[in-house]
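# Descriptive analysis of the structure
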Amino acid sequence: MTVCHQHACALLDRCQHCAAPIAFHRNEAFHLHCHECGRSLIHEAAEAISDHEYQTRLALQQTMLAALNDGKLVIANEVVSSQHFFLGASVLLRAVKKRLRVDQRNPHKQPLCFACPTGQIEMLGLDGRARQCTVLAQFLDDWPRNFLKLAVVIGLTQRTFE
């Protein structure tokens, strides 16, 4: 989850006053206050994102939620179990990061859309997860044609996945 579909904005994952992670499980009855400094989170401004970025994040978020709810999703007219989808997405994103780390000697070859943060996706902040989701959305758009085109641009080969 990286955007709010009701308010059409990016979500917060840290208190903007003290930078503590927002931890709803540490608040009684989901009070909207920071568990560290006590400051209200109600009127905090989320990161401004373009309408295109919002729509891209929302579409992938809805796809992922549908996969979780239904246990499957359809990609290029093929039914894929949600387990295989999420495993494949994780492997693909790791391969992209691995390839881009190798290619840092030639930064001019990297399209800006592939700015993948380092670290495991589960440990990333909201912004890092959003960037990973944007990369994944680029691969899934018009699958497998877009995947093959983007793989050529960044030099993904079978060896990258080893």
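Structure shown above.
The structure presented is a predicted model; accordingly, all values stated were derived computationally and were not measured.

## A closer look at the overall build of the protein
Per the secondary structure count, the protein includes four helices and four strands. For the protein, the succession of helices and strands along the chain, N to C, is β-β-α-β-β-α-α-α. For the protein, the proportion of its 162 residues judged to be buried stands at 33%. Within the protein, counting contacts between residues at least 6 apart in sequence, those at least 24 apart form 47% of the total. For the protein, the exposed surface amounts to about 10700 Å²; the carbon and sulfur share of it is 55%.

## Some points on the pattern of salt bridges
Taken as a whole and assessed by the stated rule, the structure comprises two salt bridges. Among the salt bridges present, the one from Glu53 reaches Arg57, with a minimum N-O distance of 3.0 Å. You can see Glu53 and its partner Arg57 sitting in helix 1 (residues 51–70), four residues apart, about one turn around the helix. In this pair, the class of Glu53 matches that of Arg57, namely buried. Close ionic contact of Arg145 with Asp142 constitutes a salt bridge, the shortest N to O distance being 3.7 Å. A residue is classified by how much of its surface remains accessible, and Arg145, at 55% relative accessible area, is exposed. Asp142 sits in the partly exposed class, given a relative accessible area of 39%.

## Some thoughts on helix 4 (residues 145–154)
Of the positions making up helix 4, those classed as buried are Asn146, Phe147, Leu150, Ala151 and Ile154. Considered in projection along helix 4, the buried side chains sweep an arc of 135° and stay on one side of the axis. Exposed residues pointing more than 90 degrees away from the buried face of helix 4 are listed as Arg145, Leu148, Lys149 and Val152. One or two positions beyond helix 4, positive phi appears at Gly155, with a value near 80°.

## Brief notes about the packing of helix 1 against helix 3 (residues 126–140)
Where helix 1 contacts helix 3, the axes come no closer than 9 Å and their chain directions differ by 80°. In terms of their interaxial angle, helix 1 and helix 3 are classed as roughly perpendicular. For the pair helix 1 and helix 3, contact is made by Glu53, Thr56, Arg57, Leu60 and Met64 and by Asp127, Ala130, Cys133, Thr134, Leu136, Ala137 and Leu140, respectively. A per-class count over the contact of helix 1 with helix 3 returns seven nonpolar, two polar and three charged.

## Some words on the pairing of strand 3 (residues 72–75)
Alternating residues of strand 3 divide into Leu73 and Ile75, all buried, and Lys72 and Val74, none buried. In this sheet, strand 4 (residues 78–81) lies alongside strand 3 in antiparallel orientation, the contact comprising four bridges. Bridge assignment links Lys72 to a residue of strand 4, and that residue is Ser81. Counted along the chain from strand 3 to the antiparallel partner strand 4, the turn is two residues long, and its residue Ala76 has a positive phi close to 50°.

Analysis parameters
Residues numbered from 1 in each chain as written. Predicted model: local features only at pLDDT ≥ 70, side-chain atom pairs only at ≥ 80, totals over all residues. Heavy atoms only, no water. Helix = DSSP H or I, 4+ residues; strand = E, 2+ residues; numbered from the N terminus. Buried < 20%, exposed > 50% of the residue type's maximum accessible area, 1.4 Å probe, protein only. Contact = heavy atoms within 4.5 Å. Areas by Shrake-Rupley, 256 points an atom, 1.4 Å probe, with all protein chains shown as cover. Salt bridge = Lys/Arg side-chain N within 4 Å of Asp/Glu carboxyl O. Arc of directions from axis to C-beta. Axes fitted to C-alpha atoms, helices over the stretch in contact; angles between N-to-C directions. Parallel < 35°, antiparallel > 145°, perpendicular 65-115°, else oblique. Nonpolar A, V, L, I, M, F, W, Y, C, P; charged D, E, K, R; others polar. Pairing = 2+ DSSP bridges.

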